[in-house]
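As a plain string of letters, each chain reads:
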Number of protein chains: 2
Amino acid sequence: MKMIAILLAGLSMATLAGAQQHPSIMLTKSNVEAVKKGITQYPLLQKSFKSLKKDADKALMTPIEVPQPKDGGGGASHEKHKRNYQDMLACGMLYQLTREERYAKFVQDMLLQYAAVYNSWPRHPKKKQNPGGKMFWQNLNDCVWQVYTIQAYDCVYDYLGAANRKKIETDLFEPIVKELSEVNGEIFNKIHNHGTWSVAAVGMTGYVCGRKDWVDKALRGTALDGKAGFLAQLDQLFSPDGYYTEGPYYQRYAILPFLLFARTIQQYHPAQKIYEYREGLLKKAVNTALQCTYTNKVFFPLNDAMKDKTYESEEIVYAVDIAFSDMGAGNDLLDVAEQQQRVLVSDAGLAVAKAIADGKAAPFQYKPVWIRDGADGKQGGIGILRSGNNGGQACAVFKAASQGMGHGHFDRLNLLFYDNNSEVFSDYGAVRFLNVETKNGGNYTKENETWGKQTLAHNTLVVDRQSQYLGNEKKGEEHAPQLLHFSTGANYQVVSAQENNAYSGIQLRRTLILFMPEGAAAPLLVDVFNAASQEKHQYDLPFWYQGHITNSPFEVQANTSSLSALGDGFGYQHAWLNATGKVKEGSGVITILNNKRFYTTTFIADTAMRIQFITSGAGDPEFNIRNEKAFVLSQPAAGNYSFVSVTEPHGKNNPVAEVTTGATPQVKGLKLLRDEAAATQLQIEHKKKVYTITLDYNNQSSFITIK
Amino acid sequence: MKMIAILLAGLSMATLAGAQQHPSIMLTKSNVEAVKKGITQYPLLQKSFKSLKKDADKALMTPIEVPQPKDGGGGASHEKHKRNYQDMLACGMLYQLTREERYAKFVQDMLLQYAAVYNSWPRHPKKKQNPGGKMFWQNLNDCVWQVYTIQAYDCVYDYLGAANRKKIETDLFEPIVKELSEVNGEIFNKIHNHGTWSVAAVGMTGYVCGRKDWVDKALRGTALDGKAGFLAQLDQLFSPDGYYTEGPYYQRYAILPFLLFARTIQQYHPAQKIYEYREGLLKKAVNTALQCTYTNKVFFPLNDAMKDKTYESEEIVYAVDIAFSDMGAGNDLLDVAEQQQRVLVSDAGLAVAKAIADGKAAPFQYKPVWIRDGADGKQGGIGILRSGNNGGQACAVFKAASQGMGHGHFDRLNLLFYDNNSEVFSDYGAVRFLNVETKNGGNYTKENETWGKQTLAHNTLVVDRQSQYLGNEKKGEEHAPQLLHFSTGANYQVVSAQENNAYSGIQLRRTLILFMPEGAAAPLLVDVFNAASQEKHQYDLPFWYQGHITNSPFEVQANTSSLSALGDGFGYQHAWLNATGKVKEGSGVITILNNKRFYTTTFIADTAMRIQFITSGAGDPEFNIRNEKAFVLSQPAAGNYSFVSVTEPHGKNNPVAEVTTGATPQVKGLKLLRDEAAATQLQIEHKKKVYTITLDYNNQSSFITIK
């Protein structure tokens, strides 16, 4: 009878058939045999299985240890509890795939040890917030632990006797659910990624343990009124384009509980049609997360972000596999899966590995896009311009999104520029040494507030040496930038937005264009930043660059024997002033050599403009800040003013072969022909041609003309 | 008859048979058919041929251009003449391998164009020295041009009619030979790598054109007395271990003309037994060049050196192919050839590609070695300690060599430390932007003298804030450090040397040990630096590190709002003082996070010691210096003093998986038990064991004991 059920179920029926059985989340009972067969057939699944088995076997070699919680992030007890849930999940899956008892017994023994001591633990001694975590210093990690552990439990459910199940559910999961949904109920009910981890933990536990009360709370909040919980989070945390308001780094982080919980709901309660919720929101969210990466695999480090986070991270392995197998995402996701070099050993991973083995992978489709922010899609957004293939693409990122909550930076109209698989104009990211306990317990350091978030740390305009919204998050949350225009043409891509509230009485508008002149090897990045004000202000526009300046052919006064911090607040206390330059003529030029390629920025200048060369790292008694470099176009006193520049990637410098080509830029001249509230017109001389670009800000149908 | 000769000749006869024929250098007439066949059989040769053909075909697409010499390094005319010799060689070889006339015609036409204008050119307008180059700004580049061009000529020799040959030899090669051996005769007769390029150019041209007079000059100097020329250079520029006195970067550069000219001599005059000269010196030189690289492929950047130069560079492709095919070097060279991803399309490349295809490649044999410097082997040397496989090897490099002529740095007893395929304690290398014309024409910038060469820029002791030998090259040439001891044991490798003349009245002695304690994952780097002096001096010992400090648990006073240069001479004017620390107890600890691994240096300290945190980049009005960081162990006034430290690689920090392990070092204590002129004894507490290391400096048989 059981056999027949399995045979009848097949892949398509897994959603229903699985729900009454264990396991039923990523790996499902009815698909275990298919996955096992796939392991012998599809290289990526095989490789992933081997790696999983290695982890599981390693876990079995080590005595089980459930330490009393003690350390902050990166510390021994912290890392051990993390390791434990990973080991349990690996062993749980191995049990399903091999039926070898030792794997199940490992999970059972460890769960029983946790069950035996969990209730004796006091609140975590290094708790980060109130009431704080129990197993970890922050509640968030406790939630993550449960999200993984419940999957392991699901895998050994049938192996555990009823007595052990009772013990584990009563002495461990029940108190954990209470810890998450009641003790830390405020987080549970938050519309925030921490809340998502919390509801996913409780909801998944509810499904697996058959506790509908937990599921209901998870879906609709503890008050069961729908004002909190998973559905409210789906409604409010994502834009209609699937953009997560905290930014790409947290989108990556949050996507795992969203997709895992969604998959669980889909398995147990397909009638909910969670994948179709908000017109297939979660599928869009996966695509949007990937669109927010560069071809070096790294997420755009907007807002608080660790800069080395790539789409190889586990969360995106889940996202890609589930989106491909469950949501009908395109074959270009297989390219990402190939680069991840693994799949989940699961129903979804089977589908991905099979499709790759069948030769279906296509290059990931990076596209120029405007991604809307805000639940209503009206809170600004992220503009991404891209030109070239996935090998050496030029990419300009325009941050015109809303504040993004507590991890948001004061960086509206910020520009990031990538080329040749490298950062060119970069964002500092977060001031944090993740999981390095000696650095503030692995948490954000205080310079994240005083430097990382401040406007000066970004490639956008600073007015009167103050940060946008005076660095006040709440004020920032009240307004969002406005999209003016986004379009692409045969030889250009353009995005334009304005921000009228960041500085009182000043309208900011920035327009970025990737423009490919005739016969050019790479597109030009054209940048027009208009500030409009009745009063005079100091305007500072930094360009934080990677690489080394190789040419700045204008008068530069360097501070050679002593340096001073640039100021005393809003991040200016964290910048050293290395040198100040002055351009005599109508435009200046700065060339940078970065990753064997040259980048020449030609900018309009007048005699009042100063070019400041600065380095981050002042005011840093604990060595928390990296030394990054910027040139700052600075206008000491201006009302209406436009910063206009063109950045040209050119040439090659091969240090191994000792060959340099194309060291001279092709942009020979840059002029501002018109500069009005309603229009900007500029002229670029490139090779032997002269191009006139007109921006007609109030004219959507011909916003840009290039002649 | 011809066919029979070819068939009889085979590979082994190539040396004799080739000499009367064209071509006869890298690609030889009797082997052309074998190489052509090999291209169809051996993947690496095939790939290399395709790349060569692509270059040749690209050359044919472009109109021939022989510009009037005008620009410095990296400039347009400079790069064009470089390109031309590369194109000619590619086309010459393609002609031999395809017999397609268009390739030969390209070489012929270009040579005739050069012949038509060469004599009309004045001395180079940007000449770097007197009399200076003609085609290029320095004579050196003219020599390189001829070394490549004569090979191209050799390839099309038979194609050119006698009339064209006469024209080219009379109007181009004769004046070039005169230019090199007479006009720039001083360089030609120099015992220096520039001299080697010069004699190789003239000698190879002599063999190909049948001009014995040119060959004789090249071998024995213009006076034909053997005091100059190739043989004298072989005698004097290399140590008996094949170390080239200018250091690894220039060893790489010089090895090409040495090997190419040697191969030419071997082809035309095998009785000279040039490969056996000085007991197989050139073969040793190739191995020594490779031993002077790290597992990241990069040459140790000792003395003036570009830091991104790897053994993938063309010179080392020649060196590896010739050493393997002609000199019987081991199969571990095939590993290097595989990583170079190409071979020369030639007799030698055929042998390499075949051996690789036959599965003969073995990992390159990096070994702990003491490499002697000086023609007599008594001018100090380079000590290299290595532990671990080629994947993530720990490697300490000890510079105890002689001055190394004009490119030498004042860095005796300098230490470089590598681990995990990364630099840990690094050397600045040269202050130069090679081939970047806007940076002093691509030549060394003035900061190479004031910073790059100065002692402070290195990981060795600076006394009284002055450089060794007061920065005087001639004084430095008078003395060399002395090896005290080099040996390896079961769990250690040790090298020790002294330098008694760098500072008047002060004896410097440094001992480096790679020591593997029981159960350690990586070896400890133990560093004992003794200074002995009757008078008191300021001693500064910098550790220039890569990565970011994550822990310095002692009192640190940071300069947060202003910085000053550390001093006003000997490089101190180029260092900013960021912070000063003071250790209370007997030892201090600094941890650095570099490439996802931790490095903790534990050092003996007293209350007088100051720990200075510095950054290079002061006194740099033209942005020529990179910002590198060091901590400096500084003793304000000491006579006899020993700096003792232990650096431990530990743990892992994986930012993608967000896992940190082993963040706490295992070295728990460090004590100096004895510190005498004849002996140092120290105690290291590692994990739960205590090790006592005794250095008995006057006892060669038991120089080191570890208990």
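Q: How should the relation of the copies chain A and chain B be read in this particular structure?
A: Between the two chain copies there is a screw-like relation: a rotation about an axis and a shift along it. At an RMSD of 0.1 Å, chain A and chain B line up after a rotation of 180° and a shift of 0.1 Å along the axis. Considering both components of the superposition, the chain copies are consistent with a two-fold axis. By C-alpha distance to the rotation axis, the residue of chain A lying nearest is Leu 563 of chain A, at 2.4 Å. When the interface residues of chain A are mapped onto chain B, 98% of them again lie at the interface, so the same face is used by both copies.

Q: Could you clarify how one ought to interpret the pairing of strand E15 (residues 575–582) of chain B in this entry?
A: The side chains of a regular strand alternate, first on one face of the sheet and then on the other. Residue and element names in this part refer to chain B. Counting buried positions along E15 yields six of eight residues, so the element is predominantly enclosed. Direction of pairing for strand E13 (residues 555–558) relative to E15: antiparallel, over a ladder of four bridges. The partner of Glu 555 across the bridge, within E15, is Lys 582. With six bridges joining them, E15 and strand E18 (residues 610–616) adopt antiparallel strand pairing. Its bridge partner being in E18, Gly 581 is matched across the sheet by Ile 611.

Q: Just to check I follow, could you spell out the confidence of the model for chain A for this structure?
A: The predicted coordinates of low-pLDDT regions are not to be read in fine detail. Residue and element names in this part refer to chain A. Of all residues in chain A, 97% have pLDDT values of 70 or greater, and the mean over the chain is 95. Per-residue pLDDT stays below 50 along residues 1–19; that stretch engages in 21 contacts with residues further than four places along the chain or on separate chains. Here the predicted complex carries an ipTM of 0.90, next to a pTM of 0.92.

Q: Explain unusual backbone geometry here, please?
A: Comment: phi is negative for the bulk of residues other than glycine, and the bulk of peptide bonds are trans. All names here are of chain A. For the bond running from His 22 to Pro 23, omega is -5°, close enough to zero to count as cis. At the junction of Asn 130 and Pro 131, the peptide bond is cis and its omega measures out at -5° in the coordinates. When you line up the elements, Pro 131 lands in the loop between helix H6 (101–117) and helix H7 (139–156). One non-glycine residue with positive phi stands out, namely Glu 279, at about 55°. By secondary structure assignment, the location of Glu 279 is in helix H14 (residues 277–291). Its identity is not glycine, yet Lys 297 carries a phi of approximately 80°, on the positive side.

Q: Before we go on, may I ask you to explain the interface of chain A and chain B in this structure?
A: Put simply, an interface is often sized by how much accessible area is lost when its parts join up. Across the boundary between the two partners, chain A contributes 54 residues, which contact 53 residues of chain B. Across the interface of chain A and chain B, roughly 4,000 Å² is buried in total on both sides, 57% from carbon and sulfur atoms. Our enumeration of links across chain A and chain B arrives at two salt bridges. In this structure, the connection of chain A to chain B is made through 22 residue pairs in polar contact (both at pLDDT 80 or more). Elements with a minimum of two residues in the side of chain A that touches chain B: helix H5 (76–98), helix H13 (248–268), strand E12 (548–551), strand E13 (555–558), strand E14 (562–564), strand E15 (575–582), strand E18 (610–616) and strand E22 (659–661) of chain A. With four residues, E12 of chain A is the largest single contributor of residues to the side of chain A that touches chain B. For the side of chain A that touches chain B, the residue count by class is 21 nonpolar, 22 polar and 11 charged. With three bridges joining them, E14 of chain A and strand E14 (residues 562–564) of chain B adopt antiparallel strand pairing. Within E14 of chain B, the residue paired with Ser 564 of chain A across the bridge is Ser 562 of chain B.

Reading the values: rules and limits
Residues numbered from 1 in each chain as written. Chains lettered and ligands numbered in written order. Predicted model: local features only at pLDDT ≥ 70, side-chain atom pairs only at ≥ 80, totals over all residues. Heavy atoms only, no water. Least-squares fit on C-alpha atoms with pLDDT ≥ 70 in both. Contact = heavy atoms within 4.5 Å. Buried < 20%, exposed > 50% of the residue type's maximum accessible area, 1.4 Å probe, protein only. Helix = DSSP H or I, 4+ residues; strand = E, 2+ residues; numbered from the N terminus. Pairing = 2+ DSSP bridges. pLDDT = per-residue confidence, 0-100. Buried area = accessible area lost by both parts, 1.4 Å probe. Salt bridge = Lys/Arg side-chain N within 4 Å of Asp/Glu carboxyl O. Polar contact = N/O pair within 3.5 Å; in protein donor to acceptor, adjacent residues only side chain to side chain. Nonpolar A, V, L, I, M, F, W, Y, C, P; charged D, E, K, R; others polar.

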